[in-house]
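For reference, the chains in residue letters:
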Amino acid sequence: MTIRTIGIIGGGQLGRMLAMSAARLNFRTVILEPQADSPAAQVANQQITAAYDDPAALTELARLCDVVTYEFENVPVSAAETLAASVPVYPPPKALEVAQDRVTEKRFLNASGIETARFHAVDSQADLDAALADFGGEGVLKTRRLGYDGKGQKVYRKGDSSDGGYEALGSVPLILESFVPFVCEISIIAARGTDGEVRCYDPTENVHRGGILHTSTQPAAITQDTAKAAREAATRLLDALGYVGVVGMEFFVLKDGSLIANEIAPRVHNSGHWTEAACIVSQFEQHIRAVASLSLGDTVRHSDCVMTNLIGDDIDSVPAWLSKPNVLVHLYGKTEARPGRKMGHVTEILPFRD
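Residues numbered from 1 in each chain as written. Predicted model: local features only at pLDDT ≥ 70, side-chain atom pairs only at ≥ 80, totals over all residues. Heavy atoms only, no water.

K.L.:
Sorry if this is basic, but what is going on with the sheet that holds strand β3 (residues 46-48) here?
P.N.:
Sheet strands associate in pairs through backbone hydrogen bonding, adopting either a parallel or an antiparallel arrangement. If you trace the four strands from one edge of the open sheet to the other, you get β3-β2-β1-β4, paired in parallel fashion. Two strands bound the open sheet, and with one partner strand each, they are β3 and β4 (67-70). Each adjacent strand pair in this sheet contributes to an overall mean axis angle of 25°, direction not counted. Sheet topology note: the strand β2 (residues 28-32)/β3 ladder contains three bridges and is parallel. Among the inter-strand pairings, valine 30 is bridged to a residue of β3, identified as glutamine 46. (Pairing = 2+ DSSP bridges. Helix = DSSP H or I, 4+ residues; strand = E, 2+ residues; numbered from the N terminus. Axes fitted to C-alpha atoms, helices over the stretch in contact; angles between N-to-C directions.)

So this is what it looks like as structure tokens:
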């Protein structure tokens, strides 16, 4: 089948950058997003303004598109399955099902031979008390679903009271994860085509502030063995899911260089934004290539770089960034800067390290 039109569920900045890359390859894009004039719709050919699970909207999206993808992992699985009955959906709905629940995600990673932090499912205050006791009174309590950028989390350290902790996070299904004695955090962006070919970008070293990614630096301060382990883990994950498209996979790096998987994102990922400045083929073009059954592009990095997110009022620093040499500025078409809101990013190209 010849792909001419790509549907994108979600109208945020990731959908925007996917639509821009699709246009460069002569594809039309249709956005499904409840917010009118979304960042993605500003650069796409058409927007269907409706809820992600609206039956009429899904029917229309399938009618208009040759293939459908999505820009965020909280797309209703039922919506993806409905679409998949009449049009290819990549990544497959199974990837959404795994990524949307942190317990399911960790069990799937473990079953695929990928190590994670120890964890307990928490469905009551009694579960929380027992889990904390098993972890020596400390750990990170998270909602199993819908948490992102540090939201829906509570950190327990030895001596902290757990009283009311389950209720404080909404009395919803939770997970308690053990602390990991990591020396740095990295992520890898990888892609798998419809023919099963896998290509990985170099792992990047990430720094978070307030639970939100602040910088991603290339190269990461890791050994070649650690980088190889990240590539192997990503490949195992993609193959286990029968995946098509780009995935982001986050890891903790331990003192001995071994890896503990933190989480996966079945989509293009914030920590891969540097690829648009330091690679011939960005993660966004790579994703479009994958879902359109085209050859995957080269992932070789031609420059060292640092990508910095512009969060909230950081948007005011854009004139200063624009005055610097070797800086790519990418803004997301959002009119209101709010605390914690991603407004854009900048990638500064650096000389290769000796």
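K.L.:
I keep staring at the packing of aromatic side chains and nothing clicks. Help me out?
P.N.:
Aromatic ring pairs are reported here in terms of the distance separating the ring centres and the angle at which the planes meet. A full pass over the atoms with the stated rule returns three aromatic pairs. Ring geometry for phenylalanine 182 versus phenylalanine 252: centroids 4.8 Å apart, planes at 25°, classification stacked. Of this pair, phenylalanine 182 sits in strand β9 (residues 182-192) while phenylalanine 252 sits in strand β13 (residues 245-254), and the two are 70 residues apart along the sequence. Both rings, one in tyrosine 201 and one in tryptophan 274, keep their centres 6.2 Å apart while their planes meet at 85°; by these two values the pair is edge-to-face. In this pair, tyrosine 201 sits in the loop between β10 (198-200) and β11 (204-209) while tryptophan 274 sits in the loop between β14 (259-265) and α9 (275-278), placing the two residues 73 residues apart along the sequence. (Phe/Tyr/Trp six-rings, centres within 6.5 Å; stacked < 30°, edge-to-face > 60°.)

K.L.:
For this particular structure, what's the right way to read the nonpolar core?
P.N.:
Generally speaking, soluble globular proteins have nonpolar side chains that are buried together. Judged by nonpolar contacts, the single largest core of 48 residues is most densely connected at Leu61, Leu83, Leu237, Met249 and Phe251. With six residues, the single largest contributor to this core is helix α8 (residues 224-241). Residue contributions to this core reach at least three from each of two domains, namely domain 1 (5-90) and domain 3 (182-350). Not counting residues up to four positions away in its chain, the partners in contact with leucine 61 are Gly7, Ile9, Val30, Leu32, Ile48, Val68 and Leu83. Listed in part, the 33 residues of the second largest apolar core include Ile31, Ile189, Val246 and Ala292. (Core = buried A, V, L, I, M, F, W, Y, C linked by side-chain atoms within 4.5 Å. Buried < 20%, exposed > 50% of the residue type's maximum accessible area, 1.4 Å probe, protein only. Domains from an automatic or database assignment. Contact = heavy atoms within 4.5 Å.)

K.L.:
Looking at this structure, I do not really get helix α6 (residues 125-134). What am I missing?
P.N.:
Counting along an α-helix, one turn takes 3.6 residues, and residues three or four places apart therefore face a common direction. Turning to α6, its buried residues are Leu128, Ala131 and Leu132. Buried residues of α6, viewed axially, fall in a sector of 100°; they line one side. Set apart from the buried face of α6 by more than 90 degrees, the exposed residues are Ala126 and Ala133. Buried positions along α6 lie against β5 (119-122), β6 (139-143), β7 (153-156), α7 (165-168) and β8 (174-177). Backbone geometry just downstream of α6 places glycine 136 in the positive-phi region, at approximately 75°. (Arc of directions from axis to C-beta.)

K.L.:
Honestly, the side chain of asparagine 206 in this entry has me stumped. Any pointers?
P.N.:
The residue asparagine 206 is located in strand β11 in this model. Only 2.9 Å separates the side chain of asparagine 206 from the side chain of serine 187, close enough to count as a polar contact. (Polar contact = N/O pair within 3.5 Å; in protein donor to acceptor, adjacent residues only side chain to side chain.)

K.L.:
I tried to follow the domain arrangement of the chain on my own but got confused; where do I start?
P.N.:
Often, the extent of an interface is quoted as the loss of accessible area upon association of its parts. Segmentation of the chain into domains returns domain 1 (5-90), domain 2 (118-177) and domain 3 (182-350). Its C-alpha centre places domain 1 at a distance of 22 Å from the equivalent point of domain 3. Residue-level contacts link 21 residues of domain 1 with 23 residues of domain 3. Its largest share of buried area at the contact with domain 3, domain 1 owes to Gln13, Met17 and Tyr90, together 29% of the area lost on that side. Summed over the shared surface of domain 1 and domain 3, the number is two salt bridges. Note that glutamate 73 is salt-bridged to arginine 267, the shortest N-O span being 2.5 Å. The tally of links between domain 1 and domain 3 comes to five residue pairs in polar contact (both at pLDDT 80 or more). Those elements that place two or more of their residues in the side of domain 1 that touches domain 3 are α1 (13-24) and β4. Tallying contributions element by element places α1 first for the side of domain 1 that touches domain 3, with nine residues. Of the residues in the side of domain 1 that touches domain 3, the class split is 13 nonpolar, four polar and four charged. (Buried area = accessible area lost by both parts, 1.4 Å probe. Salt bridge = Lys/Arg side-chain N within 4 Å of Asp/Glu carboxyl O. Nonpolar A, V, L, I, M, F, W, Y, C, P; charged D, E, K, R; others polar.)

K.L.:
Any chance you could explain the state of the cysteines here in plain terms?
P.N.:
Here is the idea: a disulfide is a covalent bond, and it sits between the sulfur atoms of two cysteines. With the rule as written, the count across this model stands at zero disulfides. As a non-bridged cysteine, cysteine 200 has cysteine 279 as the owner of its nearest cysteine sulfur, 12 Å distant. When its relative accessible area of 15% is taken as the criterion, cysteine 200 is described as buried. (Disulfide = S-S within 2.5 Å.)

K.L.:
Is there a simple way to think about the sheet that holds β5 in this case?
P.N.:
Spatial strand order, β5-β8-β6-β7: four strands in an open sheet with antiparallel pairing. Two strands lie at the open edges of the sheet, namely β5 and β7, each paired on one side alone. Between one strand axis and the next, the sheet turns by 20° as a mean value, whatever way the strands run. Note that β6 and β8 share four bridges and pair antiparallel. The residue bridging threonine 143 from the neighbouring strand is leucine 174, located in β8.

K.L.:
Help me understand the environment of threonine 82 in this model?
P.N.:
Among the structural elements, threonine 82 can be located in helix α3 (residues 77-84). Considered as a pair, threonine 82 and proline 93 are 11 residues apart in the sequence and their alpha carbons are 9.7 Å apart. A distance of 2.9 Å separates a polar atom in the side chain of threonine 82 from the backbone oxygen of serine 78.

K.L.:
How do you make sense of the pattern of salt bridges when you look at a structure like this?
P.N.:
Oppositely charged side chains are able to pair whenever their charged atoms sit close together. Within the structure shown, the criterion is met by 15 salt bridges. Between glutamate 60 and arginine 63 there is a salt bridge, and its shortest N-O distance comes to 2.8 Å. Of this pair, glutamate 60 and arginine 63 both sit in helix α2 (residues 55-64), three residues apart, which is roughly one turn of the helix. In this structure glutamate 60 comes out as partly exposed when scored by relative accessible area, which is 29%. The network of salt bridges with shared partners includes Arg24, Glu285 and Arg289.

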